[in-house]
Each structure stands twice: as C-alpha cells, then as structure tokens.
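# Examining the three-dimensional arrangement
These are the residues of each chain, in order.
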Amino acid sequence: MRNVLVIYYSQSGQLESIARNIAKPLLKTDDINVVFYEIQLEEPFPFPWNNEAFFGAFPESFLQIPTALKPVSEEIMKTKFDLILLHYQVWYLTPSIPINSFLKSADAKILLDNIPVVTINGSRNMWIMAQEKVKVLIKQNNALLKGNIALVDRVGNLISVVTIVEWMFSGVKKKYLGIFPLPGVSDKDIKESSKFGEVILSSLLENDFENLQRRLLEIDAVRVSSYLVTVDKTANKIFAKWSNFIVNKGDSRKFWLKVFKVYLLIAIWLISPIVYILHLFIYPLKRQKIKNEMEYYKGIN
Ligand SMILES: Cc1cc2nc3c(=O)[nH]c(=O)nc-3n(C[C@H](O)[C@H](O)[C@H](O)COP(=O)(O)O)c2cc1C
C-alpha cells in the first residue's frame, strides 16, 4: 500500500476542485491510499473578501509571516507518506498565508521530511516568483521537489485582473457585466487536470520521479510567459519596499494600505502596459537569455 497526501487550502473551492481532479486516477487505484488534508486557519480570512481584508492581507502575505493553523490530525501525522501533492494559490506574488503558514509549521517539518513533493498551483497567472519562494520552503523542510503544475486563468492579464477581483469581492463565479469571460482557471482545464494525475500515478507505481517533470511538461503542465516573469520580478522588488514600510506602521497602517491600493491600481493599469511595450523592444535583444530563463522556470531546480 502506498500513501499519498493531498494538501490544499481553497476559499472559492477552485483549488479543491483541481486537487480532487488530479487525485482521481490515484483514487481509482487499489493499492494507493489517498488522504486529503485541508489547511484550516484558527482565524479564517473572509470569502468573499472586503476591501480592508483584501489589502490588509498584503504585508503579511508578501513578508511570509505565518498565522496560527488548526493542528493536523493525529491520523495524518502518524502516517508515512510516499508522495505529497502540495496545492497552493498565490497571494501578492507569494504563496498564500495559509500555505506559507503550513510550510513554516512544525507539522510540515515532520510530514515533508525526505518525501517527494509535486507542487500544484492554481492562481490568476502570476506565480513564477511564488514558486521560487515555495522551492525555498520545500528545501527548508528537507522535502524533494519532483514536479510542478501551474493552472492559471488564460485570458489576457488585465482582463483577468478585473474578473478575479470581481469574483473575490462577490464570491460568485460569473461573467462580470455579462461581457467579461468567467474568472479563474477554466472548467475545461480543471476537468482535464486528471491527466496530470495519470502521469503522477505512473511515476509513483514505477518508482521513478526523476522523469516526472519532463513527462508533465509534455502534457502542458506549465506555460511561462516572459512578459509576466518581467512584471512579477519588478513587482516583487516594489512590494518588498511597500510591505516592509507598512508592516510596522501601527495606527497609520490603514491609511498606508489605502495609499498602497491606489499605487497598485496605477501600477496595474499604467505601469504594466508600459512594461509590456518595453518588453516587446527588449525581447529580440535578449532572446537567448530569456529562452534559458523560461526553461529554468518550467523546471523544478
Ligand atoms: C489577496 C489575494 C491576492 C492574490 N494575488 C495573486 C497574485 O499575486 N498572483 C496570482 O496569480 N493570483 C493572485 N490571486 C488569485 C489566487 O491565486 C487564486 O487564484 C484565487 O484566490 C482563487 O483561489 P481559491 O482556490 O483559494 O479560491 C490573489 C487572490 C487573493 C485573494
């Protein structure tokens, strides 16, 4: 019997549904025991979000400050797992507070120690630098990263900003104003994600995780946009300044979060299109360097 632990946290149910679809082929296999673990916070974040909570989550998300979690069940803690499927979403270019808190917990140190891990990301589209942060946390837990899958909203960057924000603030997955596309990872991509489970299952049965990422890439597990990488990297530098500035602001924190909100709107609607145009000019000059970078971000090293 092989034990597989499926870890997730999800507010809307999107990441949970990805986790359940990927696990389907494993659940159908007799000698594989799949255990689901939903990360639960002592003080949950609201869903749908309101303005104050949404922007208020920024400094602690970005600075990766953990919050208190409900303990993992004894049943899970005493099981020795052969594989962990670690699902996470991105908050402010960083693994979300729940997943970050779990990865920094004493329970994670025990559960992940020397265990192969596949990371599965369900976010808007800006996950590259968050994955770099997850890689560090995985190493700190002495786990072995063997695969990565990224499921994103495939519509244009600015359209997905509108639709995801509307979804996060209404809690309803609908076509905003009747004209925008549905927010989030498409139902088709979610449904088809069980194909990744098939590949993970065969690696598990063959005891060969070394070829897993290559095989996942063959079925389109990760797409990397060099433009989004540029935005992600630039925004990380700016977010570092803002979060360090706001985190210790005490009484004026609320005021500065409002200023940050205005800054963010300007950055998204004004600065990111400028970065896009600059990127178009820079791309031909740095073609090889960008190509090498894209290969790196598709991988797990
Ligand atoms: C506070 C907050 C910040 C977010 N920041 C990002 C981000 O930086 N990059 C990104 O691709 N998605 C971002 N998202 C979208 C989430 O990654 C995710 O797709 C969405 O919250 C749905 O996940 P769920 O399964 O928890 O409902 C953010 C969502 C929230 C609530």
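Structural data are supplied above this passage.
Reference entry: report on the structure contained in this document.

The rules behind these values
- Residues numbered from 1 in each chain as written.
- Predicted model: local features only at pLDDT ≥ 70, side-chain atom pairs only at ≥ 80, totals over all residues.
- Heavy atoms only, no water.
- Pairing = 2+ DSSP bridges.
- Helix = DSSP H or I, 4+ residues; strand = E, 2+ residues; numbered from the N terminus.
- Axes fitted to C-alpha atoms, helices over the stretch in contact; angles between N-to-C directions.
- Near = heavy atom within 4 Å.
- Polar contact = N/O pair within 3.5 Å; in protein donor to acceptor, adjacent residues only side chain to side chain.
- Areas by Shrake-Rupley, 256 points an atom, 1.4 Å probe, with all protein chains shown as cover.
- Nonpolar A, V, L, I, M, F, W, Y, C, P; charged D, E, K, R; others polar.
- Core = buried A, V, L, I, M, F, W, Y, C linked by side-chain atoms within 4.5 Å.
- Buried < 20%, exposed > 50% of the residue type's maximum accessible area, 1.4 Å probe, protein only.
- Domains from an automatic or database assignment.
- Contact = heavy atoms within 4.5 Å.

The strand order 2-1-3-6-7 describes an open sheet built from 5 strands, whose pairing is parallel. Both outer strands of the open sheet, strand 2 (32–38) and strand 7 (144–152), are each paired with one neighbouring strand and no more. Neighbouring strand axes in the sheet, compared pairwise and without regard to direction, differ in orientation by 15 degrees on average. Pairing between strand 3 (residues 83–88) and strand 6 (residues 116–123): 5 bridges, direction parallel. Residue Y88 lies in a different strand from strand 6, and its bridge partner there is N121.

For the rest of this paragraph, the subject is the site of the ligand. In the vicinity of the ligand there are 19 residues, among which S10, S12, Q89, V90 and L93 approach most closely. One of the backbone N or O atoms of G122 is found 3.4 Å from an oxygen atom in the ligand. Within the backbone of R124, an N or O atom sits 2.9 Å from an oxygen atom of the ligand. Considering the ligand on its own, with 630 Å² of exposed area, one finds that the protein chains cover 96% of that surface. The residue inventory of the shell around the ligand, partitioned by class, reads 10 nonpolar, 8 polar and 1 charged.

Below, the discussion takes up the nonpolar core. Counting residues in each nonpolar core, the largest one holds 96 residues, and the members touching the most others are L85, F102, I149 and F260. Top element by residues in this core is helix 12 (residues 226–247). It accounts for 8 residues. Shared between two domains, this core holds at least three residues of each, these being domain 1 (2–224) and domain 2 (228–297). Those residues in contact with I149 that sit more than four places away from it in its chain are I22, V118, T119, I120, N121, F196, I200, L216, A221 and V222.

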